[in-house]
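Chain and residue survey
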Amino acid sequence: MENKELETSQELDALRQQYAAMKEELDKQKIINGQIFEKAFNKNIGTITTDKKICLVACLLGLIVIPAIGILRNSPTNFIILVECFIFLMLVYCYFLYRKYDINKMLAYDIRSSITSIKQYRKAFTRFETITCAAGVIMVLLFIPKIYSSWSTSSKAICAVALIIAMCFLVIYLSYSYAKKVLKSCDEILDRLAEKQERQA
């Protein structure tokens, strides 16, 4: 009888040790997962913050570089003015977009308000990117005949138009690629906030 009790006690001790080891391993895994999620979360925040800087710097460079190139290449004055106005409007919209939807401020709200704000920012960002790309393409297409006629020979004119179209497509591709990255970051932040909201419920 005593032997059986001793065996049972030993089995219970072994089970307790196994349970303690499993619990310790699980706690470590939770800590690791938390660190991974935190790192990913901060990376997504960084992506949105970087987009703000890229947008503002690109617009400022455009305001400086495009007139210089236009003057050197004898581009139509009305085309340069229109492009400058377009870039200036982009700059103003971008400034107010990120002033209204500052990611750090949005995350400082309660979870429900943060989710709502980030969804609003996502819509505003998508609208901004779509309008910018569409307006840029329309503007280039409207002024291709004038750009063509501003060159002395047809071969140079064709090269100039081809270069402008290629640059337009390159800008759209880069803008689309980075916009996808920003929207993905928004979605991942929203997922993390939704998980946090569920845990608190």
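Structure: see above.
First things first, this report covers the structure right here in the doc. Here the residue numbering is sequential within each chain, running from 1 through the sequence in written order. This being a predicted model, a pLDDT of at least 70 is required before a residue's local features are given, and a value of 80 or more before pairs of side-chain atoms are given or counted; all residues contribute to the totals for chains, interfaces and linings. Processing note: side-chain calculations cover all non-hydrogen atoms of the structure and skip hydrogens and water entirely.

Moving on: the overall build of the chain. Across its full length, the chain carries 5 helices and 0 strands. Runs of E in the DSSP output that reach at least two residues are strands. Runs of H or I that reach at least four are helices, and both are numbered from the N terminus. Counting from the amino terminus, the chain carries its helices and strands in the arrangement α-α-α-α-α. With a 1.4 Å probe rolled over the protein chains alone, any residue whose accessible area is under 20% of its type maximum counts as buried; one over 50% counts as exposed, and the rest are partly exposed. Within the chain, buried positions represent 27% of all 201 residues. Whether two residues are in contact is decided by their heavy atoms, any of which lying within 4.5 Å being enough. Across the chain, the fraction of contacts at a sequence separation of at least 24, relative to all contacts at a separation of at least 6, is 77%. Counting every atom, the chain has about 14200 Å² of accessible surface; 65% of that belongs to carbon and sulfur. All accessibility values rest on the Shrake-Rupley procedure with a 1.4 Å probe; residue burial counts only the protein chains present in the view.

With respect to the secondary-structure elements, Leu82 resides in helix α2 (residues 77–100). Remark: the alpha-carbon pair of Leu82 and Met139, spanning 57 residues in sequence, is separated by 8.4 Å. Sequence-distant contacts of Leu82, that is, excluding residues within four places in its chain, are made with Met139 and Phe143.

Criterion for a salt bridge: a side-chain nitrogen of Lys or Arg within 4 Å of a carboxyl oxygen of Asp or Glu. Under the defined criterion, the tally for this structure stands at 1 salt bridge. With a closest N to O distance of 2.9 Å, Asp187 and Arg122 form a salt bridge. Residue Asp187 is found in helix α5 (residues 154–200), and its partner Arg122 is found in helix α4 (residues 111–149); the two are separated by 65 residues along the sequence. Overall, the relative accessible area of 27% leaves Arg122 in the partly exposed class.

With that settled, the discussion passes to the environment of Leu60. By the secondary structure assignment, Leu60 is in helix α1 (residues 2–72). Using a relative accessible area of 44% as the deciding quantity, one classes Leu60 as partly exposed.

Turning next to the state of the cysteines. Cysteine sulfur atoms are paired as a disulfide whenever they come within 2.5 Å of each other. Taken as a whole and judged by the stated rule, the model has 1 disulfide. With its sulfur 2.5 Å from that of its partner, Cys55 forms a disulfide with Cys94. Taken together, the residues span a long stretch of sequence, with Cys55 in helix α1 and Cys94 in helix α2 at a distance of 39 residues. Exposure remark for Cys94: the relative accessible area of 1% places this residue in the buried category.

Exposure above 30% relative accessible area and the absence of a salt bridge qualify a residue for a patch, where like charges join within 9 Å and nonpolar side chains (Val, Leu, Ile, Met, Phe, Trp, Tyr) within 5 Å. When charges are counted, Lys and Arg contribute as positive and Asp and Glu as negative, whereas His and the chain ends are disregarded. A charge is said to be at NZ when it belongs to Lys, at CZ for Arg, at CG for Asp and at CD for Glu. Together, Lys100, Lys119, Lys123 and Arg127 line one region of the surface with positive charge. No other element matches α4, which puts 3 residues into the positive patch. Tracing the backbone shows Arg127 in helix α4. With a relative accessible area of 45%, Arg127 lands in the partly exposed category.

The N-to-C vectors of α2 and α4 enclose an angle of 175 degrees; their axes lie 11 Å apart at closest approach. By the angle between their directions, the pair α2 and α4 is classed as roughly antiparallel. In contact with Asn78, Phe79, Leu82, Val83, Phe86, Met90, Tyr93, Cys94, Leu97 and Tyr98 of α2, α4 contributes Tyr121, Ala124, Phe125, Arg127, Phe128, Thr132, Ala135, Gly136, Met139, Phe143, Lys146 and Ile147. Note on residue classes: Ala, Val, Leu, Ile, Met, Phe, Trp, Tyr, Cys and Pro are nonpolar, Asp, Glu, Lys and Arg are charged, and everything else, Gly too, is polar. Taken together, the residues that form the contact of α2 with α4 break down as 17 nonpolar, 3 polar and 2 charged. Lines fitted to the C-alpha atoms define the axes, with helices restricted to the stretch that makes contact. Angles between their N-to-C directions range from 0 to 180 degrees. Roughly parallel here means an angle under 35 degrees, roughly antiparallel means over 145, roughly perpendicular means 65 to 115, and every remaining angle is called oblique.

This next bit is on the packing of aromatic side chains. Each aromatic pair joins two rings of Phe, Tyr and Trp (for Trp, the six-membered one) with centres within 6.5 Å, and gets the label stacked for planes under 30 degrees apart, edge-to-face for over 60, and tilted for any other angle. Throughout the structure, instances matching the rule amount to 5 aromatic pairs. One aromatic cluster is present, built from ring pairs that chain together Tyr98, Tyr101, Tyr121 and Phe125.

Here we take up the side chain of Glu129. As for its placement among the helices and strands, Glu129 is situated in helix α4. Although Glu129 is buried, it makes no salt bridge; Arg127 carries the closest opposite charge, 12 Å away. Pairs of N or O atoms are called polar contacts if they sit within 3.5 Å, as long as, within protein, a hydrogen donor faces a hydrogen acceptor (for residues adjacent in sequence, only side-chain-to-side-chain pairs). Here Ser175 takes part through its side chain, which lies 2.5 Å from a polar atom of the side chain of Glu129. Discounting residues that sit within four places of it in the chain, Glu129 has contacts with Ser175 and Ala179.

Without other data, these values stay purely geometric and don't point to any function.
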